[in-house]
Amino acid sequence: MTAVAKIALLGSGTVGLAVLRRLAQWQGSPRGDGLRLVYAANTRLALSDPAGLDPRNCANLLPGARRTGRAVDGDPLAALGDGGIRILIDATADAGTAARHPACLSAGVHVATACKLAAGTSLDHWRAIREACAQSSTGFGDRATVGAGLPLLRSIRELVAGGDHIHAIAGVMSGSLAWLFHHYDGSRPFSELVREARDSGFTEPDPREDLSGEDVRRKILILARAAGFAIDSHQVEVASLVPPALAAARADEVDARLHLLDEPLQALLSAARFEGCSLRFVARLADGKARVGLEKLCPSDALHGGGGTDNRVAIWSDRYRAQPLVIQGPGAGADVTAAALLDDVLHLRAMAVGKPLAA
Ligand SMILES: NC(=O)c1ccc[n+]([C@@H]2O[C@H](COP(=O)([O-])OP(=O)(O)OC[C@H]3O[C@@H](n4cnc5c(N)ncnc54)[C@H](OP(=O)(O)O)[C@@H]3O)[C@@H](O)[C@H]2O)c1
């Protein structure tokens, strides 16, 4: 008989809906038969059925639910019940949900998350997650948090498990900043590209969230910790692209002040191009120290190359000493992120039934 894992999904935004679409495609297949969606919620509506929800129905009902002003009446842990294989999928960007991950894990519920606010913030929180997993034999799936499921965390963990020491990691890890600097050739002001990226959904609605480098700080923290460097958030040096007058702007003033980005970036671009190089927003970890900021990359650099919203990450270790292992590919997007979340779900279920899947 197939051991069925009960699933609770939080979030029905771009990623949550893509998870529901993929679950719907799996209905009637061996993969789908091993999973039962018992709870799906956003901040406006919670759907629950111990016999199993239809993912298509959830995808129809959740996005259009009305906001009532009252907190939604739902409890994913109660819906998952007391026994059996239970997995919470976090497809929110909610700090409160991330804060509850250690408690979920301690209660015997595995977690698969796309949200960086759990493992990519304070060291104490990251340690609490690890301790809860160790004490309750639960798993924390995080492959969707960096590179939207590109085999970055997996590769680092396999190298470490194989006895390698990780010497350095460097990467272009933000899809939105990769797009901006890939297109920035000086023919249009940078602010114009930021508006285009924002309107196309490549950046957050407030592009300062991308331009500040905070998202990249969380990503390099997650990779560094997987590589064996237990560093804290404040130990990552972040050089934000946002000038103080733009940082201080109210949300409704941001658009009018985006031009403040143009002059300093034009000067940096001219200097880089004079040497035949380009600009990229890069995160680096070396000797246990991490920094994030804009860099001039020349054609000989391992990170040079890649287009669109591609992530490109280089890893140096004992076996990849001179030439790094380079991993490149789409590092953002709802479908790849949802696929990574569900890969984690399949691995967590397989781990729980004692038949781990191939990496
Ligand atoms: N989009 C990508 O390409 C991508 C790639 C990698 C990782 N991620 C990460 O994936 C996560 C989701 O991203 P997204 O683009 O799908 O965000 P999104 O479109 O803003 O959707 C977030 C969803 O979370 C729901 N939510 C917030 N708090 C909740 C709570 N306490 N309980 C239940 N639902 C809650 C929201 O509910 P309402 O609809 O009611 O507001 C919304 O449905 C984020 O952490 C993001 O950083 C995204």
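Look up a bit, the structure's there.
Counting restarts for each chain: residues are numbered from 1 in the order of the written sequence. In keeping with the model being predicted, local features are shown solely for residues with a pLDDT of at least 70 and side-chain atom pairs are shown and tallied solely at 80 or more, while totals for entire chains, interfaces and linings include all residues. Computation of side-chain values: all heavy atoms of the structure, hydrogens and water removed.

### Some thoughts on the site of the ligand
Next, step 1: We define proximity as follows: a residue is near a molecule or strand when any one of its heavy atoms falls within 4 Å of that partner. Near the ligand you find 22 residues, and of these T14, T43, R44, T92 and G333 are the closest.
Next, step 2: Each polar contact in these results corresponds to two N or O atoms within 3.5 Å; when the atoms are within protein, one needs to be able to donate a hydrogen and the other to accept it, and residues that are neighboring in sequence are counted only if both atoms are side-chain atoms. In this structure, D94 approaches the ligand through a side-chain N or O atom, which is 3.1 Å from a nitrogen atom.
Next, step 3: Computed with a 1.4 Å probe, the accessible areas rest on the Shrake-Rupley method; for each residue, only the protein chains presented here act as cover. Protein burial of the ligand: of its 900 Å² of free accessible surface, 72% is covered by the chains.
Next, step 4: For this scheme, ten residues count as nonpolar: Ala, Val, Leu, Ile, Met, Phe, Trp, Tyr, Cys and Pro. Four count as charged, namely Asp, Glu, Lys and Arg, and the remainder, Gly too, count as polar. Residues of the shell around the ligand, tallied by class, amount to eight nonpolar, 10 polar and four charged.

### Describing unusual backbone geometry
Next, step 1: Positive phi outside glycine occurs at S137, with the angle close to 55 degrees.
Next, step 2: Counting from the N terminus, the helices are DSSP H or I runs at least four residues long and the strands are E runs at least two residues long. Structurally, S137 is set in the loop between α7 (123-136) and β6 (140-141).
Next, step 3: Given a relative accessible area of 60%, S137 falls into the exposed group.
Next, step 4: For A148, which is not glycine, the phi dihedral falls at a positive 45 degrees. The classification of residues rests on relative accessible area computed with a 1.4 Å probe and restricted to protein chains. Under 20% of the type maximum is buried, over 50% is exposed, and intermediate values are partly exposed.

### Quick look at the state of the cysteines
Next, step 1: Any cysteine sulfur atom paired with another within 2.5 Å is treated as part of a disulfide. In total, this model carries one disulfide according to the counting rule given.
Next, step 2: Here C277 engages in a disulfide with C298; their sulfurs sit 2.0 Å apart. On the sign convention where negative means left-handed, the S-S torsion of about 85 degrees between C277 and C298 marks this disulfide as right-handed. Pair noted here: C277 is in the loop between α15 (262-274) and β9 (278-286) and C298 is in the loop between β10 (289-297) and β11 (310-317), with a separation of 21 residues, a long-range link.

### Structural notes on helix α8 (residues 152-161)
Next, step 1: Of all the residues in α8, the buried ones are L152, L153, S155, I156 and L159. Down the axis of α8, the buried set is contained in an arc of 165 degrees. They therefore lie on one face.
Next, step 2: We call two residues in contact whenever any of their non-hydrogen atoms come within 4.5 Å of each other. Contact partners of the buried residues in α8: β7 (166-172), α12 (214-226), β11 and β12 (325-330).
Next, step 3: Just downstream of α8, G163 is the residue with a positive phi angle, here 95 degrees. Arc definition: it is the arc formed by the directions from the helix axis to the C-beta atoms.

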